[in-house]
Amino acid sequence: MANRTGTAQRPNGQTQGKICQFKLVLLGESAVGKSSLVLRFVKGQFHEYQESTIGAAFLTQTVCLDDTTVKFEIWDTAGQERYHSLAPMYYRGAQAAIVVYDITNQDTFGRAKTWVKELQRQASPNIVIALAGNKQDLANKRMVEFEEAHAYADEHGLLFMETSAKTAMNVNDIFLAIAKKLPKNEQAGAPGGGGQGRRLVDGDTGPKAAGNCCK
Amino acid sequence: MEGELPSEFDLIVIGTGLTESIIAAAASRIGKNVLHADSNSYYGGLWASFTLDSISKISGSTPQSESDATKECLTFGNNNFSITNIKEEWHVSEGNIEKLNECTIEDDPQQIIENENWTKNKLLALSRKFNIDLLPKLHFARGEFVELLISSNIARYSEFRSVSRVLTWLNNKLEVVPCSRSDVFSSNNVTVVEKRMLMKLLNVCLDSTDQDFAEYENKTFHAFLKDQKLTANLIHYILYAIAMGTEKTSCRDGVERIKRFLNSLGRYGKTPFLYSMYGSGEIPQAFCRLSAVFGATYALSQSLQGVVMDDKNNYKGIMCGNQQINSSKIVIGLDKAPKAFVDHIKPLRLSRGIFITDRSLLESEKEHLSLLLFPPMNDKNPVTILEMGSLTGTCPKGLYLVHMMTDQSNNPYDDLKYYVDTLFTKSAENVNIEGGDVENRPQLLWSFYFSVPVSNDFNFQKDLPNIFVCSGPDSDLDYDPSIKIAKGIFEKMYPDSEFLPRAPDPEEIVIEGDESNENEEILQKDLDEKCKQQNKQNEITEAENNEA
């Protein structure tokens, strides 16, 4: 998706500056807390036994940085990762990704590394990737050391934080860090990068067909 | 495989081709519990797109289960609906493999483009930049497919590119077909008189009703055009390019096609057509995504054995590995259907050719996405050709991907040979021999031929209660027939339900609202606070920098 830039109007008519919209995808093994992180960030909610979010293509949340309003379009996997069936279409054109693992489960960290590799091969070359070690509230059952993950993230140029969707620790922070790192100019979706195609929307009807050709 | 799948569903859908995926999405959308499974490791079946190194490994046939004697089931898969006649050719040297990992190429794509000496290893190193369609499709901007994407809100998942020009082959060269009003007036290929004639004719077609053409009931569109005293050029443009017909196309069909074309003009871009970015294989995935978002279970790479019937020969479930999974209904893609369900169908076949070239067929300042309708030559069938560059997300910068498709009469290689020889040159050395136009022809770097089964026949349902076999790809330029079939099957299964009603926008979604909004407000405050802090910090750093 192209980085859609526009100018926002406040109710009093004052100009608020640029609005940038970005597609952000969540990746990671089942049950590491991807949906919980999104729900925490978007709705401020946490449910211990979170059912998958039925009916949500993606959720949106806005953060303001300087004169720029960053609008995230946050895509969740909709459970397609459960039997290793996540469609490549899911991360097409994404400008940002959060790869999530569970700090109490070493396997999920290994799987996270696979996702990072996949993103670096398949997604836009300038995608901003953040690694989130979730379930920090369960640090007493930790199986993945902070230093190990930190070193891995450094080596691969990823943002890194340990988060807890349950206590809200670092949840807003990780999204903010991504917002900060995203390029906020119109060239962000330059050719070769992901997506600068056309989205089809209802209102986008243009002049009536006949008029265009035959009058 | 991670754990077992649940053992009971409302609906099992086998195969992730477009028709199956539309049905899966529609059923999940109305709350049915759906299992959507495929034996392939990728989405899309015969509708999929592939990277350069993976396409040569395709074979359309579903691997037959080895153990069908031991299982009491009708084995999935048949040989009627598989890809055949695969022929791959490299027209460049092997090249040096050293230093050619993908990273160096991505670091400096310019270097690759400037050094035009393409080799096989260089192309294979860029393999993942290719999304090569088995069967590329275009979408009429006001066609059924685009309307369905918008009305169901699936349009959110995909991005599209407009086809930027329609080409034809006229007087031994490529010409841009004037199709929009501004094209007609700016075109150098038609005279002022012709411009008026063309506009008038198109208007007549657009405003016509069936009665207007009563006298041409049993005549061809070509005969009608000739009677309008149009020039040969205009007849060519209208018949072959705008109506995409032949001399045999009936007048009624011709007029309908003109209407279909004109009605889609002016909505998006300069031509009536859209193409999905990253390839047509994205489209089935978009429907699967909607289906998953509404709770369907997705499982690729499954060891799908066959259909289980009960002792009264009614549908019961499927065998997946050693697990039996039951459902009240099942939908099976044509290519996965057990022989007994489809032995009465004889598929038509399309001859396909896919080519990588080093430049556009008709070079221009900007990169085009072109549709070339090649009129029938030497008693061959007309050929539909699509040329796409890097902006479509289907090939790397500096290269073009060319798709050809035509009704199969002999085999793909022979069916397309004339057109390939006319449009391309096979090696750089030949360039100067024939002189003239030959120099500008794109050089072929890679060719890939195959034959793909198409099912244009709608009436292939056998009378099998609760078992629904759905069509494979067809030869229509757009997806209209697949939508019709998917909708038909859906309505048979769930007669009183709405087909793909609009999915809610993110803003409309309420999530288990038992908690008060208080939390949300606190969090929002925290977020705003953090933003402010961040901004303040930025200012300070900036100030420090300035001082320094």
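This is a predicted model, so every value here is computed, not measured.

Caption draft 1: Quick look at the nonpolar core. Core analysis: the largest hydrophobic core is formed by 115 residues, its most contacted members being A:F72, A:I98, A:L131 and B:F287. The two domains that each donate at least three residues to this core are domain 1 (1–81 + 280–347 + 458–509) and domain 3 (138–163 + 177–275) of chain B. Contacts of A:L131, omitting those with residues within four sequence positions, involve A:V99, A:Y101, A:F109, A:A112, A:A149, A:Y152, A:A153, A:L158, A:L159, A:F160, A:M161 and A:I174. By size, the runner-up hydrophobic cluster in this structure holds 72 residues, among which are B:F140, B:L225, B:C251 and B:L265.

Caption draft 2: Spatial organisation of the domain arrangement of chain B. All names here are of chain B. Here the domain parsing of chain B yields domain 1 (1–81 + 280–347 + 458–509), domain 2 (84–133 + 349–453), domain 3 (138–163 + 177–275) and domain 4 (519–547). Counting residues at the interface gives 13 residues for domain 2 and 11 residues for domain 3. Regarding the contact of domain 2 and domain 3, the summed buried area is about 1,000 Å², with carbon and sulfur atoms giving 79% of it. The largest share of the area that domain 2 buries against domain 3 comes from L369, L371 and L373, three residues that together contribute 47% of it. In this structure, the connection of domain 2 to domain 3 is made through 0 salt bridges. For the interface between domain 2 and domain 3, the tally reads 2 residue pairs in polar contact (both at pLDDT 80 or more). Within the residue set of the side of domain 2 that touches domain 3, elements represented by two or more residues are β17 (370–374) and β18 (383–388). Here the element with the most residues in the side of domain 2 that touches domain 3 is β17; it accounts for 3 residues. Partitioned by chemical class, the residues of the side of domain 2 that touches domain 3 number 9 nonpolar, 3 polar and 1 charged.

Caption draft 3: Main features of empty space enclosed by the protein. Using the criterion set out here, one finds 6 cavities of 30 Å³ or more in the structure. Roughly 100 Å³ of internal volume is contained in the largest cavity. Taken together, 13 residues form the lining of the largest cavity, with A:R92, B:Y157, B:S158, B:E159 and B:Y278 sitting closest to its centre. When grouped by side-chain class, the residues that make up the lining of the largest cavity number 6 nonpolar, 1 polar and 6 charged.

Caption draft 4: Summary view of the pairing of strand β21 (residues 467–470) of chain B. All names here are of chain B. Because side chains alternate across β21, one face comprises the buried residues I467 and V469, and the other comprises F468 and C470, equally buried. Across 4 bridges, strand β15 (residues 323–333) lies against β21 in parallel orientation. Bridging across to β21, V331 finds its partner in F468.

Caption draft 5: Representation of the confidence of the model for chain A within the structure. Residue and element names in this part refer to chain A. Looking at chain A, the pLDDT average stands at 81 and 78% of residues meet or exceed 70. Overall, residues 8–14 carries pLDDT values under 50, and its contacts beyond four positions in sequence, including any with other chains, amount to 8 contacts. In this model, residues 204–215 is a region of pLDDT below 50 whose contacts with residues beyond four sequence positions or in other chains number 33 contacts.

Caption draft 6: Here's a closer look at the pairing of strand β11 (residues 273–276) of chain B. Residue and element names in this part refer to chain B. Where burial is concerned, the two faces of β11 agree: the one with F273 and Y275 and the one with L274 and S276 are both buried. Two elements, strand β7 (residues 139–140) and β11, share 2 bridges in a ladder whose sense is antiparallel. Along β11, the bridge assignment pairs F140 with F273. For strand β8 (residues 160–162) and β11, the ladder comprises 3 bridges, and the chain directions are antiparallel. When the bridges of β11 are listed, S162 appears paired with L274.

Caption draft 7: Examining the packing of helix α1 (residues 34–43) of chain A against helix α4 (residues 171–181) of chain A more closely. All names here are of chain A. Relative orientation of the contacting elements α1 and α4 amounts to 85 degrees, with a least axis distance of 9 Å. As the angle between them shows, α1 and α4 are arranged roughly perpendicular. Mapping the contact onto sequence places L37, R40 and F41 in α1 and V171, N172 and F175 in α4. Here the residues of the contact of α1 with α4 sort into 4 nonpolar, 1 polar and 1 charged.

Caption draft 8: Representation of unusual backbone geometry. All names here are of chain B. You will see that N85, though not glycine, has its phi angle at about 55 degrees, which is positive. Residue classification places N85 among the partly exposed residues on the basis of a relative accessible area of 41%. The backbone of N466 sits at a positive phi, close to 70 degrees, despite the residue not being glycine. If you trace the backbone, N466 turns up in the loop between β20 (444–454) and β21.

Caption draft 9: Representation of the sheet that holds β7(B) within the structure. The strand order β7-β11-β8 (chain B) describes an open sheet built from 3 strands, whose pairing is antiparallel. Since the sheet does not close on itself, it has two edges, and those belong to β7 and β8 of chain B, each with one partner.

Caption draft 10: Looking closely at the confidence of the model for chain B. All names here are of chain B. The share of residues in chain B with pLDDT of 70 or more is 86%, and the mean pLDDT across the chain is 86. Low pLDDT, under 50, characterises residues 65–70; the predicted model gives this stretch 4 contacts beyond four residues in sequence or across chains. In this model residues 430–435 is a low-confidence stretch, pLDDT under 50, and it forms 4 contacts with partners more than four residues away in sequence or in other chains. Of the two predicted TM-score estimates for the complex, the pTM is 0.88 and the ipTM is 0.84.

Caption draft 11: Summary view of the packing of aromatic side chains. If you walk through the whole model with that rule in mind, you get 30 aromatic pairs over all chains. With centroids separated by 6.4 Å and ring planes inclined at 65 degrees, the aromatic side chains of A:W75 and A:Y90 adopt a geometry described as edge-to-face. Linking A:W75 in strand β4 (residues 68–75) with A:Y90 in the loop between β4 and β5 (96–102), this pair joins segments that are 15 residues apart in sequence. Look at A:Y90 and you get buried, because its relative accessible area is 1%. Seen in terms of ring centroids, B:F213 and B:F224 are 5.0 Å apart; in terms of plane orientation they differ by 80 degrees. Their pairing is edge-to-face. Of this pair, B:F213 sits in the loop between α8 (192–207) and α9 (221–227) while B:F224 sits in helix α9, placing them 11 residues apart in sequence. Accessibility classification places B:F213 together with B:F224 in one group, the buried group. Clustering of aromatic rings is evident, with ring pairs tying together A:F58, A:W75, A:Y90 and B:Y157. Taking NZ or CZ as reference, A:K113 lies 5.3 Å from the ring centre of A:Y152, over its face. One Lys or Arg, B:K87, reaches over the ring of B:Y413 and ends 4.3 Å from the middle of that ring.

Thresholds, definitions, all that
Residues numbered from 1 in each chain as written. Chains lettered and ligands numbered in written order. Predicted model: local features only at pLDDT ≥ 70, side-chain atom pairs only at ≥ 80, totals over all residues. Heavy atoms only, no water. Core = buried A, V, L, I, M, F, W, Y, C linked by side-chain atoms within 4.5 Å. Buried < 20%, exposed > 50% of the residue type's maximum accessible area, 1.4 Å probe, protein only. Domains from an automatic or database assignment. Contact = heavy atoms within 4.5 Å. Buried area = accessible area lost by both parts, 1.4 Å probe. Salt bridge = Lys/Arg side-chain N within 4 Å of Asp/Glu carboxyl O. Polar contact = N/O pair within 3.5 Å; in protein donor to acceptor, adjacent residues only side chain to side chain. Helix = DSSP H or I, 4+ residues; strand = E, 2+ residues; numbered from the N terminus. Nonpolar A, V, L, I, M, F, W, Y, C, P; charged D, E, K, R; others polar. 1 Å grid on protein atoms, 1.4 Å probe; cavity = no way out; pocket = protein on both sides within 12 Å on 5 of 7 lines; lining within 4 Å. Points joined across faces, edges and corners; volume = space filled by probe spheres on them. Pairing = 2+ DSSP bridges. pLDDT = per-residue confidence, 0-100. Axes fitted to C-alpha atoms, helices over the stretch in contact; angles between N-to-C directions. Parallel < 35°, antiparallel > 145°, perpendicular 65-115°, else oblique. Phe/Tyr/Trp six-rings, centres within 6.5 Å; stacked < 30°, edge-to-face > 60°. Lys NZ or Arg CZ within 6 Å of the ring centre and 35° of its normal.

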